[in-house]
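In case you want the letters, here they are:
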Amino acid sequence: MSPETRRILALHGGLLLLLLGLQFVLPAYHHGNLARIMVLASYAIGYNILFGYTGLLSLGHALFFAAGMYGMALTIQYAGFSPAPALLAGLLAGLVVSAGLAMLALRTTGVAFMIVTLMFAQAGYLSILYFGEYTRGDEGFVIQTARRMLWGIDLSDPTNRYLAALLLFSVCLALSLWLVRAPFGRVLVAIRENEERVQMLGYDTHAHKLGAMIVSGTISALAGAVYGLLFGYAGASFASVQYSIFPLLWVLLGGAGTVLGPFLGTLFMFYLIDLSSGLTTAYMLIAGVALVVLTLFAPQGLAGELRRRLWGWLP
Amino acid sequence: MSGAPLLSTRGLSKHFDGLQAVRDVDLDLAPGEARALIGPNGAGKTTLVGMICGRITPSAGRVMFDGADITPLPAHERIGLGMAYTFQITSVFHALPVRENLALAARRRLKGAAVQDAVERALARVGLPRDIGGQAAGNLSYGHQRLLELAMGLVQAPRLLILDEPTQGLSDSEIDGFKALIGELKGATTILLIEHNMSVVMDVADRITVLDGGTVLADGTPAEIHENAAVQAAYLGTG
Ligand SMILES: Nc1ncnc2c1ncn2[C@@H]1O[C@H](COP(=O)(O)OP(=O)(O)OP(=O)(O)O)[C@@H](O)[C@H]1O
Ligand SMILES: [Mg+2]
């Protein structure tokens, strides 16, 4: 193992150990927050694979998040699934939806790609409202505690929920770390930098972008499914355009194209909104100003600046 | 020249809107030969090789490689068959380290430790100093970026290497190194070289094709081309 690999494993493994340790010391309020942040950061990790590493800006990832969430919740609610197969159903829903959208949207590039992803996500959102009889539309529905027992573990219990969130986050973090250092991920980065050159090196760039979008969408869907299961709720708001913008902001703030960026960005923005809403009702204004300041002084995001200034080896 | 050609084109043509950039070009490259493609600016050289390697869709005509018609194949599949192309306008990955640029080019055919070996060999072969391997390609001098572009072609170990003005921006000593390199490759690798520097052309080419106004003006050995009056006329003042 090269010294660089060892350093990378120590840093990322260290973060996971820290998060595990925090389980035992955090006060209840922050403990609950962090569980939520870890699941949302997993969503951001999925988003980052397409946006940060492949350079494709999607405005429709809420479609994948919601596909996972409803794939899980509807099968529990109406097919009587237990959590494990329901999670799998959410994951498969994300796989199918992201493969379908990838095949359509990747015919376009640039702004057209953004618009196509946005339109399809809106269509998804409207479909959820349209089938309100089953989905309960904006109001959403609660998944009963009794149905959230995974192999005898009660996922509504804060400790179990925290550990489940950490498990999801660890898997997503490890997966993205492995992916971006593997030949496939290196080609994605090269596509982001200069797609024509990659083609002229003999790589099928379309197939790579297709793969990236499916991996990205499926991770996002898994995060959506876990979110619904851990917090016991599914609602149409998770399919709204807001939930497509969130991962973009988290990733931009944390550092697009860095493995740690999605977590840092999600953590930062969550507490930014949390703290400023405690101070004033105009909390979005404070959040907005902070975002502008960060974009001006750390345009590459938190982890991106870290890489530029200190740790050139950061993946 | 004997044996079946490695590369052939028949009636290859391209027009951009009204402009006929390449008209009805027939070309045959024997395995192992070094062919120079020369002609004044705007003659259609880059467009012609672009159609050969799949960057540009022809308006008419066919491309045959190793006995098969590859006209319908996308660029990456043609590269996969053993072509490599180096860009006239340097096209490296600016934000990525030099070694990663080369590794990307090598990994399509190699795995694991063999990639690093091939990368180091390619660096040495074009005469790039080893210690720049960790730098971002965008920080290299123009000449070094040209050499990197060349190394990215070499590291693919292609059967047909297409070089679009590789010596542009190189120093005299680097140009000498380039001539020696082509001398070594020749025979094992078929080379299609677009080149403005006539000393390079005369030194390394087995045959020369002269393109002017999109059509083949002349085709022959360096000595024949040297004698050719039409070529002299086309080149007057542009040598
Ligand atoms: N994409 C394009 N769209 C329109 N015209 C083009 C395009 N590419 C090339 N041309 C035109 O086609 C002609 C041939 O261009 P090409 O680049 O093939 O010439 P060249 O022989 O490579 O010239 P140079 O020696 O300057 O590189 C030129 O008149 C050029 O302006
Ligand atoms: Mg040219």
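See the structure above.
Worth saying up front: this structure is predicted, and the values here are computed from it rather than measured.

What about the coordination of the magnesium ion (ligand 2)?
Residues and elements named next belong to chain B.
Okay, so step 1: Protein ligation of the magnesium ion (ligand 2) involves T46 (OG1) and Q88 (OE1), the donor distances falling in the range 1.9 to 2.1 Å. Placement of T46 in helix α1 (residues 45–53) and of Q88 in the loop between β6 (83–86) and α3 (98–107) is noted, with a sequence separation of 42 residues between them.
Okay, so step 2: Judged by its relative accessible area of 23%, Q88 falls in the partly exposed class.

Section: the pairing of strand β3 (residues 34–38) of chain B
Residue and element names in this part refer to chain B.
Okay, so step 1: For β3, a buried count of five out of five residues is recorded, marking the element as mostly surrounded by other parts of the structure.
Okay, so step 2: The sheet contact formed by β3 and strand β8 (residues 190–194) spans four bridges and is parallel. Within β8, the residue paired with L37 across the bridge is I194.
Okay, so step 3: Note that β3 and strand β9 (residues 207–212) share four bridges and pair parallel. Pairing of R35 across the sheet is with R207, part of β9.

What to know about the sheet that holds strand β10 (residues 215–220) of chain B
Hydrogen bonding along the main chain pairs the strands of a sheet, whether they run parallel or antiparallel.
Residue and element names in this part refer to chain B.
Okay, so step 1: If you walk across this open sheet you meet the six strands as β6-β7-β8-β3-β9-β10, and the pairing is mixed. Lying at the two open borders of the sheet, with one neighbouring strand each, are β6 and β10. Ignoring which end each strand starts from, the neighbouring axes of this sheet average 15° apart.
Okay, so step 2: Both β6 and strand β7 (residues 160–164) contribute to a ladder of four bridges, which runs parallel.

A closer look at the environment of A114 of chain B
Residue and element names in this part refer to chain B.
Okay, so step 1: With respect to the helices and strands, the residue A114 is situated in helix α4 (residues 113–126).
Okay, so step 2: In this structure A114 comes out as partly exposed when scored by relative accessible area, which is 31%.
Okay, so step 3: Each C-alpha atom of the pair A114 and R23 lies 43 Å from the other, and the pair is 91 residues apart in sequence.

What to know about the pattern of salt bridges
Okay, so step 1: Evaluated as defined, the whole model comprises 19 salt bridges over all chains.
Okay, so step 2: Between E305 of chain A and R309 of chain A there is a salt bridge; the shortest N-O distance is 2.9 Å. Of this pair, E305 of chain A and R309 of chain A both sit in helix α13 (residues 301–309), four residues apart, roughly one helical turn.
Okay, so step 3: The partner of E184 of chain B in a salt bridge is R125 of chain B, with the nearest N and O atoms 3.5 Å apart. Of the two residues, E184 of chain B sits in helix α6 (residues 172–185) while R125 of chain B sits in helix α4, which places them 59 residues apart along the sequence.
Okay, so step 4: Each of E33, R35, R207 and D219 of chain B takes part in salt bridges that share partners, so that together they form one network.

Concerning the interface of chain A and chain B
Okay, so step 1: At the interface, 16 residues of chain A touch 21 residues of chain B.
Okay, so step 2: The junction of chain A with chain B conceals about 1,700 Å² of combined surface from both sides, 62% of it contributed by carbon and sulfur atoms.
Okay, so step 3: In terms of surface lost to chain B, no three residues of chain A exceed R197, M200 and L201 of chain A, which account for 42% of the buried area on that side.
Okay, so step 4: Scanning the region where chain A abuts chain B turns up three salt bridges.
Okay, so step 5: Close ionic contact of R186 of chain A with E100 of chain B constitutes a salt bridge, the shortest N to O distance being 3.2 Å.
Okay, so step 6: Along the contact surface separating chain A from chain B lie nine residue pairs in polar contact (both at pLDDT 80 or more).
Okay, so step 7: Class assignment for the residues of the side of chain A that touches chain B results in eight nonpolar, three polar and five charged.

Things to note about the environment of K186 of chain B
All names here are of chain B.
Okay, so step 1: Here K186 is to be found in the loop between α6 and β8.
Okay, so step 2: Judged by relative accessible area, K186 falls into the partly exposed class, the value being 27%.
Okay, so step 3: Setting aside anything within four residues of it in sequence, one finds K186 in contact with G32, A34, I191, V204 and D206.
Okay, so step 4: A distance of 3.4 Å separates the side chain of K186 from the side chain of D206, its partner in a polar contact.

Parameters and conventions
Residues numbered from 1 in each chain as written. Chains lettered and ligands numbered in written order. Predicted model: local features only at pLDDT ≥ 70, side-chain atom pairs only at ≥ 80, totals over all residues. Heavy atoms only, no water. Donors = N, O, S within 2.8 Å, 3.2 Å for Na, K, Ca; no water. Helix = DSSP H or I, 4+ residues; strand = E, 2+ residues; numbered from the N terminus. Buried < 20%, exposed > 50% of the residue type's maximum accessible area, 1.4 Å probe, protein only. Pairing = 2+ DSSP bridges. Axes fitted to C-alpha atoms, helices over the stretch in contact; angles between N-to-C directions. Salt bridge = Lys/Arg side-chain N within 4 Å of Asp/Glu carboxyl O. Contact = heavy atoms within 4.5 Å. Buried area = accessible area lost by both parts, 1.4 Å probe. Polar contact = N/O pair within 3.5 Å; in protein donor to acceptor, adjacent residues only side chain to side chain. Nonpolar A, V, L, I, M, F, W, Y, C, P; charged D, E, K, R; others polar.

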